[in-house]
Amino acid sequence: MIRGLVRACGTRGVNRPGLVRFCSHPDFAEKSKVPNDEEMLAEMKEDIKSNPVVLFMKGDPGQPRCGFSAKVASILQPYNVKYICYDVLADQRIRDGVKRISNWPTIPQLFVDGEFVGGCDIVTELHRTGELKELIGKYAKDK
Amino acid sequence: FRLLTRRMSSKSASSSAGPVAAAIAKKLSDAFAPVFLDVINESHMHSVPKNSETHFKVVVVSDKFDGVGALQRHRMVNTTLKDELESGVHALSIRAKTPAQWSKNSTVPQSPACLGGSKHDQKQKQ
């Protein structure tokens, strides 16, 4: 089932090993069950809580489908951090759900350490001032 | 002193602000009493029908942002435009500055080019 969850690394392209595109979560694969709205929302919240960097965007970092989303993905790329990426266009519930979680009306949305950080404008500004490095620099993977 | 500007991009087919742009300008003006306000319809930059009012950039310069962090400033603007964001505007680029910040730097970066995501929204509506 296409669920729109993409695991991406800041330095990796779409075809690098370890990057799974549109994968089903193992829990749901065993049950062969389409998650209902509450399950979907709960899983999104859990991903935000348990992963240091989570990006909700249109498309994925290798093939963004929105200029604003592409900009945030390109900003993250040189930080060399591994992050979870959701494609909101894969399932309307992802798009609606993240807006409920963050109380933020637009896409893209970046979460760091469980907290909503901002959309394209704010992430761009944080990157410019160096604050983004303070937020996510510690999660850079060793090359 | 208040300077209120409303403009469309020169590439837009419309010669005047649409109803959504007008509503946005009025609400931001009422809420923030800005010293500078710009409401820019960027819908023509995206894969949406002609004369759409779905993608906007707003520049709001107000002393109501004094002592307020960036995220909260954007939330203030989002709250002010809640109705528009729930009824058709699905991209809102925000520059929210204090007068002091604006006097130091009044540049507004160009918004990124569309990569076709709006086509998905159009298909969803069909």
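Residues numbered from 1 in each chain as written. Chains lettered and ligands numbered in written order. Predicted model: local features only at pLDDT ≥ 70, side-chain atom pairs only at ≥ 80, totals over all residues. Heavy atoms only, no water.

## Focus: the pairing of strand β5 (residues 82-87) of chain A
Residues and elements named next belong to chain A.
(1) Moving on: Among the six residues that make up β5, five are buried, leaving the element largely enclosed by the rest of the structure.
(2) Moving on: Note that strand β2 (residues 53-57) and β5 share four bridges and pair parallel. Bridged to V54 within β5 is I84. (Buried < 20%, exposed > 50% of the residue type's maximum accessible area, 1.4 Å probe, protein only. Helix = DSSP H or I, 4+ residues; strand = E, 2+ residues; numbered from the N terminus. Pairing = 2+ DSSP bridges.)

## Observations regarding the packing of aromatic side chains
(1) Moving on: In total, this model carries six aromatic pairs over all chains according to the counting rule given.
(2) Moving on: Here the aromatic rings of F36 of chain B and W102 of chain B are separated by 5.1 Å at their centres, their planes lie at 20°, and the arrangement is stacked. Here W102 of chain B lies in helix α4 (residues 99-104) and F36 of chain B lies in strand β2 (residues 36-41), a separation of 66 residues in the sequence. Each member of the pair, F36 of chain B as well as W102 of chain B, is classed as buried.
(3) Moving on: Through a chain of ring-to-ring contacts, three or more aromatic side chains come together here, namely F56, Y86, W104, F111 and F116 of chain A. (Phe/Tyr/Trp six-rings, centres within 6.5 Å; stacked < 30°, edge-to-face > 60°.)

## A look at the pairing of strand β3 (residues 55-61) of chain B
All names here are of chain B.
(1) Moving on: Burial within β3 is extensive, with seven of its seven residues counted as buried.
(2) Moving on: Of the two faces of β3, both are covered, the one formed by H55, K57, V59 and V61 as well as the one formed by F56, V58 and V60.
(3) Moving on: Bridge count for β2 against β3 is six bridges, and the pairing is antiparallel. Note that in β3 the partner of L37 across the bridge is V60.
(4) Moving on: Pairing of β3 with strand β4 (residues 91-97) involves seven bridges; the strand directions are parallel. Looking at the pairing, V59 lines up with R95 of β4.

## Let's talk about helix α4 (residues 92-102) of chain A
Since the α-helix turns once every 3.6 residues, residues separated by three or four places project in the same direction.
Residue and element names in this part refer to chain A.
(1) Moving on: Of the positions making up α4, those classed as buried are I94, R95, G97, V98 and S102.
(2) Moving on: Where α4 begins, the side chain of D91 points an oxygen toward the backbone nitrogen of R93, at a separation of 2.9 Å.
(3) Moving on: Just past α4, the residue N103 takes up positive phi, approximately 55°. (Polar contact = N/O pair within 3.5 Å; in protein donor to acceptor, adjacent residues only side chain to side chain.)

## Quick word on the environment of K45 of chain A
Residue and element names in this part refer to chain A.
(1) Moving on: Tracing the backbone through its elements, the reader meets K45 in helix α2 (residues 37-50).
(2) Moving on: Judged by its relative accessible area of 46%, K45 falls in the partly exposed class.
(3) Moving on: Remark: the alpha-carbon pair of K45 and L55, spanning 10 residues in sequence, is separated by 12 Å.

## Describing empty space enclosed by the protein
Residues and elements named next belong to chain B.
(1) Moving on: As enumerated under the stated definition, the model contains three cavities of 30 Å³ or more in all.
(2) Moving on: As a volume, the largest cavity reaches approximately 160 Å³.
(3) Moving on: With four residues, β4 is the single largest residue contributor to the lining of the largest cavity.
(4) Moving on: Residues belonging to the lining of the largest cavity are distributed by class as follows: nine nonpolar, five polar and one charged. (1 Å grid on protein atoms, 1.4 Å probe; cavity = no way out; pocket = protein on both sides within 12 Å on 5 of 7 lines; lining within 4 Å. Points joined across faces, edges and corners; volume = space filled by probe spheres on them. Nonpolar A, V, L, I, M, F, W, Y, C, P; charged D, E, K, R; others polar.)

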